[in-house]
Amino acid sequence: MVIEVEKQSKALGTLKKGDAFFINGKEMKVDSHYLFQKHKDMKEMIIEVFNPANDREYQVRYFDDQIESSIEIYELQEDIQYVRREPKNVGW
């Protein structure tokens, strides 16, 4: 399933701590953004975000050469495991 990207305030690769990231219209805050793994000419990136309203934590994973078609969202469960979620849309 491809997640719809609704709005982009700037390039995804430039998001940093404190920036807004939206999942299904709910505003999250970026905690960190880093390289997860390098695969030859592409980079697999992770943006860690949290919902300040309920303190839930998420990871936004994507490949830098195919951002919109590769975005995946994972939610941290019980402080040890990330579970994939399938939101309808994201934005930043």
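For the structure, check the block above.
Parameters and conventions
- Residues numbered from 1 in each chain as written.
- Predicted model: local features only at pLDDT ≥ 70, side-chain atom pairs only at ≥ 80, totals over all residues.
- Heavy atoms only, no water.
- 1 Å grid on protein atoms, 1.4 Å probe; cavity = no way out; pocket = protein on both sides within 12 Å on 5 of 7 lines; lining within 4 Å.
- Points joined across faces, edges and corners; volume = space filled by probe spheres on them.
- Nonpolar A, V, L, I, M, F, W, Y, C, P; charged D, E, K, R; others polar.
- Buried < 20%, exposed > 50% of the residue type's maximum accessible area, 1.4 Å probe, protein only.
- Helix = DSSP H or I, 4+ residues; strand = E, 2+ residues; numbered from the N terminus.
- Pairing = 2+ DSSP bridges.
- Patch = residues over 30% accessible without salt bridge, like charges linked within 9 Å, V, L, I, M, F, W, Y side chains within 5 Å.
- Areas by Shrake-Rupley, 256 points an atom, 1.4 Å probe, with all protein chains shown as cover.
- Salt bridge = Lys/Arg side-chain N within 4 Å of Asp/Glu carboxyl O.
- Lys, Arg positive; Asp, Glu negative; His and termini not counted.
- Charge placed at Lys NZ, Arg CZ, Asp CG, Glu CD.
- Contact = heavy atoms within 4.5 Å.
- Polar contact = N/O pair within 3.5 Å; in protein donor to acceptor, adjacent residues only side chain to side chain.

Asks: Honestly, empty space enclosed by the protein in this entry has me stumped. Any pointers?
Replies: The rolling of a water-molecule-sized probe over the atoms marks out the regions of remaining empty space. This model, assessed by the stated rule, comprises 1 cavity of 30 Å³ or more. Here the largest cavity is characterised by a volume of approximately 40 Å³. Forming the boundary of the largest cavity are Met1, Ile3, Ile71, Glu72, Arg84, Arg85 and Glu86. Across the lining of the largest cavity, the residue classes tally to 3 nonpolar, no polar and 4 charged.

Asks: Looking at this model, I keep getting lost on the pairing of strand E2 (residues 20-23). Mind explaining?
Replies: Note on strand geometry: in a regular strand, side chains alternate between the two faces of the sheet. Residues of E2 alternate between two faces, with Phe21 and Ile23 buried on one and Ala20 and Phe22 left unburied on the opposite face. Note that E2 and strand E3 (residues 26-39) share 4 bridges and pair antiparallel. Its bridge partner lying in E3, phenylalanine 21 is registered against methionine 28.

Asks: Even after reading the chapter, I still don't get a negative patch on the surface, so can you show me in this structure?
Replies: A cluster of acidic residues, Asp55, Glu57, Glu78 and Asp79, forms a negative patch on the protein surface. As for its placement among the helices and strands, glutamate 57 is situated in strand E5 (residues 57-63). Given the relative accessible area of 38%, glutamate 57 is considered partly exposed.

Asks: Any chance you could explain the sheet that holds E2 here in plain terms?
Replies: Sheet strands pair by backbone hydrogen bonding; their relative direction is either parallel or antiparallel. Strands sit in the order E1-E8-E2-E3-E4-E5-E6-E7 across an open sheet of 8 strands; the sheet is mixed. Strands with a single pairing partner mark the edges of an open sheet, and in this sheet they are strand E1 (4-5) and strand E7 (81-85). Where E5 and strand E6 (residues 72-77) come together, 4 bridges link them in antiparallel fashion. Looking across to E6, one finds that tyrosine 58 is bridged to glutamate 75.

Asks: Please explain the environment of glutamine 59 as it appears in this structure.
Replies: Tracing the backbone shows glutamine 59 in strand E5. Relative accessible area serves as the criterion here: at 5%, glutamine 59 is assigned to the buried category. Not counting the four nearest positions on each side in its chain, glutamine 59 is found in contact with Tyr34, Ile46, Ile47, Glu48, Glu72, Ile73, Tyr74 and Tyr82. A polar contact of 2.7 Å, which involves the side chain of glutamine 59, links it to the side chain of arginine 61.

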